[in-house]
Amino acid sequence: MEGNNNGTLVDEPAAAGSGTDGLLLHRGADFDDGQNGYCGYRPPKKDAMVKEKQNSTRTYDRDGFRRRAACVCVRDAGEQEVLLVSGSRNPGVWIVPGGGIEPTEETSMAAIREVLEEAGVKGKLDRCLGVFDSADGKTRTCVFVLIVHELLDDWDEAKTMGRQRKWFTVAEAKKTS
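Counting from 1, residues in each chain are numbered in the order their sequence is written. Thresholds applied to this predicted model are a pLDDT of at least 70 for local features of residues and 80 or more for the giving and counting of side-chain atom pairs; totals over whole chains, interfaces and linings are not thresholded and use all residues. In computing side-chain values, all of the structure's heavy atoms are included and hydrogens and water are not.

On to the pairing of strand β6 (residues 66-74). When accessible area is computed with a 1.4 Å probe and restricted to protein chains, residues below 20% of their type maximum are described as buried, those above 50% as exposed, and intermediate ones as partly exposed. Put simply, DSSP H or I for four residues or longer makes a helix, DSSP E for two residues or longer makes a strand, and each gets a number counted from the N terminus. Counting buried positions along β6 yields eight of nine residues, so the element is predominantly enclosed. With three bridges joining them, β6 and strand β9 (residues 98-100) adopt antiparallel strand pairing. The residue bridging arginine 68 from the neighbouring strand is glycine 100, located in β9. At least two bridges found by DSSP between two strands are what make those strands a pair. Two strands pair when backbone bridges link them, and β6 and strand β7 (residues 81-86) are joined in this way by two bridges, in the antiparallel orientation. Along β7, the bridge assignment pairs valine 74 with valine 82. Between β6 and β7, which follow one another and run antiparallel, lie six residues, and glutamate 79 among them has a positive phi close to 55 degrees.

Here's what the structure looks like:
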C-alpha cells in the first residue's frame, strides 16, 4: 500500500487518485516527525484547546484543528487487504476507524483505542502514514498502519451503534471513498 508521500511529509495537496483526495498532509507546529518518539502530534501543550461536550471531550491544536487519530487496519504485513467500518452517520459508507484524541492521551494510544472501540480489533501498531488535514471538517488526523492480530466477536460500537466491519482489497477500499 502506497500513499503519495512514500514516507516523506509534504505541505501540498495530495495527488488525485492517491487515496488521500481532498486531504492535505500536514507538518506544523504541533507535528513531530518521530525523531522525538512521537509520530504525529506531540502531547498537548498549554495553548492547546480542550472543549467539553456532552459525553465527549474534544481537543484542538494551536491552529484550531480538532485532533484525531486513526488506523488503516491491514490483515498482514503484505498490506493487500484493509478493514473498514460502517460510518456512524451513514452506515452505507465504509470508513477507516478513528476518532478524537483525549487531552492527556498520546496519539498512538488514541489510534489503538479508537480501533478497538469502532472495529473490535487488536493488533500491532506499525508506522505512521502521516497527518492529514480535512479543510471542510477542520480536523487534523494522524494515521497509522495497524497489523490485525485479533478480531473480537463483540465490541463496543457493534453493540451500541450496530457498526459493521468488512475486509476490502486496497483497490476496493479506494473505490469506497
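On we go from here.
The next thing to look at is the pairing of strand β10 (residues 121-134). Of the strand pairs in this sheet, β10 and strand β11 (residues 139-151) are connected by 11 bridges, and their pairing is antiparallel. From the neighbouring strand, valine 121 faces β11, where its bridge partner is leucine 151. The antiparallel pairing of β10 with β11 creates a hairpin that spans four residues between the two strands, and lysine 138 there sits at a positive phi of about 55 degrees.

Now for the confidence of the model for the protein chain. Along the chain, pLDDT gives the predictor's confidence residue by residue, from 0 to 100. In the predicted model, the protein chain carries a mean pLDDT of 77, and 68% of its residues have values of at least 70. Confidence, read as mean pLDDT per element, is least for strand β1 (residues 23-25) in the protein chain (41) and greatest for strand β12 (residues 165-169) (97). Note that residues 1-31 has pLDDT below 50 and, in this model, 62 contacts with residues that lie over four places away or in other chains. Residue contacts follow a heavy-atom distance rule, with two residues in contact if any of their heavy atoms lie within 4.5 Å.

Another point: the pattern of salt bridges. Think of it this way: side chains of opposite charge can pair up when their charged atoms draw near. Here, a salt bridge means any side-chain nitrogen of Lys or Arg that lies within 4 Å of a carboxyl oxygen of Asp or Glu. Tallied over the entire structure, the rule returns 11 salt bridges. Aspartate 61 is paired through a salt bridge with arginine 140; the nearest N and O atoms lie 2.6 Å apart. Taken together, the positions of aspartate 61 in the loop between β5 (56-60) and β6 and arginine 140 in strand β11 put the pair 79 residues apart, joining distant regions of the chain. Note on accessibility: aspartate 61 and arginine 140 belong to one class, buried. The partner of aspartate 126 in a salt bridge is arginine 127, with the nearest N and O atoms 3.1 Å apart.

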